[in-house]
Amino acid sequence: MGKFRGWHIVAGLAAMLLAGIIGTAMGLNNTGTFMASGVAFVAVSLWVDSRISRRRSAARKPAAAAGKDTAAAGNDPGLALDADVSKREG
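On a predicted model such as this, the values are computed, not experimentally measured, just so you know.

A.B. asks: Would you mind showing me how to read the packing of helix α1 (residues 7-26) against helix α2 (residues 30-60) here?
C.D. replies: Relative placement of two packed helices is described by the angle separating their axes and the distance separating the axes. Across the interface, α1 lies against α2 with an axial gap of 7 Å and an inter-helix angle of 150°. Here α2 runs roughly antiparallel to α1, going by the angle between their axes. Where α1 crosses over α2, the handedness of that crossing is right-handed. On α2, the residues that touch Trp-7, His-8, Ile-9, Ala-11, Gly-12, Leu-13, Ala-15, Met-16, Ala-19, Gly-20, Gly-23 and Thr-24 of α1 are Thr-33, Ala-36, Ser-37, Gly-38, Ala-40, Phe-41, Val-44, Ser-45, Val-48, Asp-49 and Ile-52. The residue makeup of the contact of α1 with α2, split by class, is 13 nonpolar, 9 polar and 1 charged.

A.B. asks: What's the story with the packing of aromatic side chains in this structure? I'm lost.
C.D. replies: Any pair of aromatic rings gets described here by the distance separating the centres and the angle formed by the planes. Enumeration over the complete set of coordinates arrives at 1 aromatic pair. For the ring pair Phe-4 and Trp-7, a centre distance of 5.0 Å and an interplane angle of 85° mean the geometry is edge-to-face. Accessibility expressed as a relative area gives 47% for Phe-4, which makes it partly exposed.

A.B. asks: Can you help me understand a nonpolar patch on the surface in this one?
C.D. replies: On the surface, Leu-18, Ile-22, Met-26 and Leu-28 cluster together to form a nonpolar patch covering roughly 390 Å² of accessible area. One can find Met-26 in helix α1. Since its relative accessible area comes to 60%, Met-26 is described here as exposed.

A.B. asks: Would you explain the side chain of Thr-33 in this entry?
C.D. replies: Structurally, the position occupied by Thr-33 is in helix α2. For Thr-33, a relative accessible area of 9% gives the class buried. Contacts of Thr-33, omitting those with residues within four sequence positions, involve Gly-20, Gly-23, Thr-24 and Leu-28.

A.B. asks: Mind showing me how you'd approach the side chain of Ser-45 here?
C.D. replies: Among the secondary structure elements, Ser-45 is positioned in helix α2. Only 2.8 Å separates the side chain of Ser-45 from the backbone oxygen of Phe-41, close enough to count as a polar contact. Once residues lying within four places of it in the same chain are set aside, the contact partners of Ser-45 are His-8 and Gly-12.

A.B. asks: Please explain a positive patch on the surface as it appears in this structure.
C.D. replies: Taken together, the side chains of Lys-3, Arg-5, Arg-56 and Arg-60 present a region of like positive charge at the surface. As for its placement among the helices and strands, Arg-56 is situated in helix α2.

Basis of the calculations
Residues numbered from 1 in each chain as written. Predicted model: local features only at pLDDT ≥ 70, side-chain atom pairs only at ≥ 80, totals over all residues. Heavy atoms only, no water. Axes fitted to C-alpha atoms, helices over the stretch in contact; angles between N-to-C directions. Helix = DSSP H or I, 4+ residues; strand = E, 2+ residues; numbered from the N terminus. Parallel < 35°, antiparallel > 145°, perpendicular 65-115°, else oblique. Left-handed = near helix turned anticlockwise from the far one by under 90°. Contact = heavy atoms within 4.5 Å. Nonpolar A, V, L, I, M, F, W, Y, C, P; charged D, E, K, R; others polar. Phe/Tyr/Trp six-rings, centres within 6.5 Å; stacked < 30°, edge-to-face > 60°. Buried < 20%, exposed > 50% of the residue type's maximum accessible area, 1.4 Å probe, protein only. Patch = residues over 30% accessible without salt bridge, like charges linked within 9 Å, V, L, I, M, F, W, Y side chains within 5 Å. Areas by Shrake-Rupley, 256 points an atom, 1.4 Å probe, with all protein chains shown as cover. Salt bridge = Lys/Arg side-chain N within 4 Å of Asp/Glu carboxyl O. Polar contact = N/O pair within 3.5 Å; in protein donor to acceptor, adjacent residues only side chain to side chain. Lys, Arg positive; Asp, Glu negative; His and termini not counted. Charge placed at Lys NZ, Arg CZ, Asp CG, Glu CD.

Written out as structure tokens, the structure reads:
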């Protein structure tokens, strides 16, 4: 059996259940409780998914490269500089 990859869904369902209980206890109507539960599900599942993917990508890095920070060294591959600025002015 492979690794379970649905932890973000499980966490989202738990947050949805908790938000439903809290919404009912606060006296929200069914629509408000359902909407709050849906928002909690999406927010928590996306957050957990990003945390899991960060942890997995950090585990894939070699130990020697983990200490290097490419953004601090000015080698950010995501930074694109246009050498000809005159195209944008005008």
